[in-house]
Amino acid sequence: MLLEGLGRTLLISGIGITMGITLGMIFGAARHARVPLLSQGIAIFATFFRCTPLLVQVVMLYFALPEVGIKLTPFETSWLALGLWGAGYHTEIFRAGYGAVNPNEVVAARALGMSASRAFLDVTLPLGIRTSIPAATTMAITQFRSSSFMIAVGYQELTYVANRMVADTFKVFEVFGMAALAYLVVSNIIAFASRRFERFVAVPGLGVSK
C-alpha cells in the first residue's frame, strides 16, 4: 500500500515539477527581459504563489473553483497546485539565474552581430540555466515533499495511505517511519541526479561543486 501511495506521489510530483520548471524558465525570461505589462503580470503571479500557503492554494483550487463552474478531481488539483506553486518560485530562481550571467558575455554576442533574442537564446539562457540548477533542485525537492499536502483533498498519495494504515494498525512509528524513509530516499535521488546533470552541463574551466 505504501509503494502504491509512493507511486501516486511520484506521479503528481513529476508533473508538478516539470510544469513548475517549464513555466519558471519562460516566466523568468519574460521578467529578465522586462517585457511591458507581461513582466508586471508575472510578478503578481509569482508573488501570489510564493506568499500564500500551499495548503490554502490547494483548498481554493478544489473547493472554491466549483463555485465558478470549474470542478477538478483530487488528482488534477494535486499536480496543478504543485505546478503553479512551484512556478512562482522557479520564476524568481531563473530570473536571478539569467541576471547572474556576466553582461560582458552578452555584449560580446551583440558585437558579433547577434540580435537581442539570439543573444538571449545562445548565451544568457544556457548560462543562466546552469547557474539556476542548485536552487531549482532545492525547489523541486520541496515540491516533492509538499505533495503530502494533497491529503487535504483526499488524493491517495504516500502520506494519505500512511495515515489510513495507522488508523487500521495503530503502528505509528513503523508506518510513518517507512513513509519518512521513502521521502528521504527519493529526495536524495533527485539531489544526486541534479549534481550529475550539473557536472554534465558545466562550462569547462569554471568548476562545479561535487
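Residues numbered from 1 in each chain as written. Predicted model: local features only at pLDDT ≥ 70, side-chain atom pairs only at ≥ 80, totals over all residues. Heavy atoms only, no water.

Caption draft 1: Broad picture of helix α2 (residues 38-51). For α2, which comprises 14 residues, the first-to-last C-alpha distance of 20 Å matches the rise-based estimate of 20 Å (1.5 Å per residue) to within 8%. Taken together, the buried positions of α2 are Ser 39, Ile 42, Ala 43, Phe 45, Ala 46 and Phe 49. The arc that holds the buried residues of α2, viewed along the axis, is 165°, so those residues lie on one side. Turned more than 90 degrees off the buried face of α2, the exposed positions are Ile 44 and Cys 51. On its buried face, α2 sits against α1 (2-33), α3 (54-64) and α4 (74-99). (Helix = DSSP H or I, 4+ residues; strand = E, 2+ residues; numbered from the N terminus. Expected span 1.5 Å × (residues − 1). Buried < 20%, exposed > 50% of the residue type's maximum accessible area, 1.4 Å probe, protein only. Arc of directions from axis to C-beta. Contact = heavy atoms within 4.5 Å.)

Caption draft 2: Highlighting the UniProt feature "domain: ABC transmembrane type-1" (unreviewed entry) in the protein. UniProt annotation of "domain: ABC transmembrane type-1" (unreviewed entry) refers to residues 6-194 when read in the numbering used here. Measuring from the first to the last C-alpha atom of residues 6-194 gives 21 Å, for a span that is 81% helix and 0% strand. (UniProt positions renumbered as here; feature names shortened; annotations may be inferred.)

Caption draft 3: Examining unusual backbone geometry more closely. Here the phi dihedral of Leu 37 falls at roughly 65°; this positive angle occurs in a residue that is not glycine. By secondary structure assignment, the location of Leu 37 is in the loop between α1 and α2. A positive phi angle is found at Phe 170, which is not glycine, with a value near 60°. Turning to its location among the elements, Phe 170 is positioned in the loop between α7 (158-169) and α8 (172-200).

Caption draft 4: Representation of the UniProt feature "transmembrane region" (unreviewed entry) in the protein. According to UniProt, the positions carrying the feature "transmembrane region" (unreviewed entry) are residues 6-30, 42-65 and 175-193. Span residues 42-65 is 88% helix and 0% strand, its end C-alpha atoms 21 Å apart. As annotated, residues 175-193 has a helix share of 100% and a strand share of 0%, and its two end C-alpha atoms lie 27 Å apart.

Caption draft 5: Quick peek at a nonpolar patch on the surface. A surface patch of nonpolar side chains, amounting to about 470 Å² of accessible area, comprises Met 178, Leu 181, Leu 184, Val 185 and Ile 189. Note on placement: Val 185 falls in helix α8. Val 185 sits in the partly exposed class, given a relative accessible area of 42%. (Patch = residues over 30% accessible without salt bridge, like charges linked within 9 Å, V, L, I, M, F, W, Y side chains within 5 Å. Areas by Shrake-Rupley, 256 points an atom, 1.4 Å probe, with all protein chains shown as cover. Salt bridge = Lys/Arg side-chain N within 4 Å of Asp/Glu carboxyl O.)

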